[in-house]
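# An overview of the molecular structure
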Amino acid sequence: FMRHNKLSLFYHLVWSTWDRAPLITPDIEKILYREIEHEVLLMKCKVLAIGGIEDHVHLLLEMPPTISVSQSVKQIKGASSLFVND
C-alpha cells in the first residue's frame, strides 16, 4: 500500500492599523474579515479563526508548505489595507 503524507502549517498572524488608529469600526469589521477570508482562499489557504478590535486583526490560518509565508502576509495585509483605505 502507498503511504500519503500530509503536512499543514498553522500561523497566527497579528497586525495593527497605522499608528494604531481605530479604523476597524463595527460597520466595516465583518466586511473586512470577509475580504481577508476571500484573499486567503485565493491563495489556497484556510482561515481557521479571524477577529480583532478597532486597531488590530488576529488571523489563524492553515497553509500548505509550498506557499511563502512572507508573500502570503504581504498579500493579505495589502488587501486588508486597500479595503480599509478605500
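Counting of residues starts from 1 at the beginning of each chain's written sequence and follows it residue by residue. Whole-chain, interface and lining totals are the exception, using all residues; otherwise, since this is a predicted model, local features are given only for residues with pLDDT of at least 70 and side-chain atom pairs are given and counted only at 80 or more. With hydrogens and water stripped out, all remaining heavy atoms of the structure feed into the side-chain values.

Right, let's get into the overall build of the protein chain. Think of it this way: any DSSP run of H or I at least four residues long counts as a helix, any run of E at least two long counts as a strand, and we number them from the N terminus. In terms of helices and strands, the protein chain carries two helices and three strands. The 86 residues of the protein chain split such that 28% are buried. Every residue pair with non-hydrogen atoms within 4.5 Å of one another is taken to be in contact. Partitioning the intrachain contacts of the protein chain with sequence separation of at least 6 by distance along the chain shows that 61% fall at a separation of at least 24. Counted as positive: Lys and Arg. Counted as negative: Asp and Glu. His and the chain ends are not counted at all. Where a charge lies is defined by one atom per residue type, namely NZ (Lys), CZ (Arg), CG (Asp) and CD (Glu). Of the charged side chains in the protein chain, 9 are positive and 10 negative; the average position of the first set lies 13 Å away from that of the second. Buried residues are those whose accessible area, probed at 1.4 Å on protein chains only, stays under 20% of the maximum for their type, while exposed residues exceed 50% and partly exposed ones sit between those limits.

On to the packing of helix 1 (residues 26–42) against helix 2 (residues 69–85). Note on method: axes are straight lines fitted to C-alpha atoms, helices fitted across the in-contact stretch only, with angles between N-to-C directions ranging 0 to 180 degrees. For the pair helix 1 and helix 2, interaxial distance at closest approach is 9 Å and the crossing angle is 145°. For the pair helix 1 and helix 2, the sense of crossing is right-handed. Residues Ile28, Ile31, Leu32, Glu35, Ile36, Glu39 and Val40 of helix 1 touch helix 2, and the partners they reach there are Gln75, Ile76, Ala79, Ser80, Phe83 and Val84. Charged means Asp, Glu, Lys or Arg here, nonpolar means Ala, Val, Leu, Ile, Met, Phe, Trp, Tyr, Cys or Pro, and polar covers whatever is left, Gly included. Residue composition of the contact of helix 1 with helix 2, grouped by class: nine nonpolar, two polar and two charged. When the near helix sits turned anticlockwise from the far one by under a right angle, the crossing is termed left-handed; a clockwise turn instead gives a right-handed crossing.

Take Pro22: it is sitting in the loop between strand 1 (9–16) and helix 1. Note on Pro22: relative accessible area 55%, which makes it exposed. The spatial distance from the C-alpha of Pro22 to the C-alpha of Asp86 is 15 Å, given a sequence separation of 64 residues.

Moving on, we get to the nonpolar core. Soluble, globular proteins show a tendency: their nonpolar side chains are buried together. Residues belong to a common nonpolar core when they are buried Ala, Val, Leu, Ile, Met, Phe, Trp, Tyr or Cys residues joined through side-chain atoms within 4.5 Å. Counting residues in each nonpolar core, the largest one holds 15 residues, and the members touching the most others are Trp15, Ile36, Val40, Val57, Leu59, Leu61 and Ile76. Beyond its immediate chain neighbours, meaning those up to four positions away, Ile36 contacts Trp15, Ile50, Val57, Leu59, Ile76 and Ser80.

The span one expects for a helix is its residue count, reduced by one, times 1.5 Å. Taking 1.5 Å of rise per residue, the 17 residues of helix 2 would be expected to cover 24 Å, and the 24 Å separating its terminal C-alpha atoms lies within 8% of that figure. Within helix 2 the residues assigned to the buried category are Ser72, Ile76, Ala79 and Ser80. For helix 2, the buried positions fall inside an angular range of 90° around the axis, keeping them on one side. Seen from the open side of helix 2, the exposed residues pointing more than 90 degrees away from its buried face are Ser70, Lys74, Leu82 and Asn85. Among the structural elements, strand 1, helix 1 and strand 3 (56–63) are those in contact with the buried residues of helix 2. Along the arc lie the directions from the helix axis toward the C-beta atoms.

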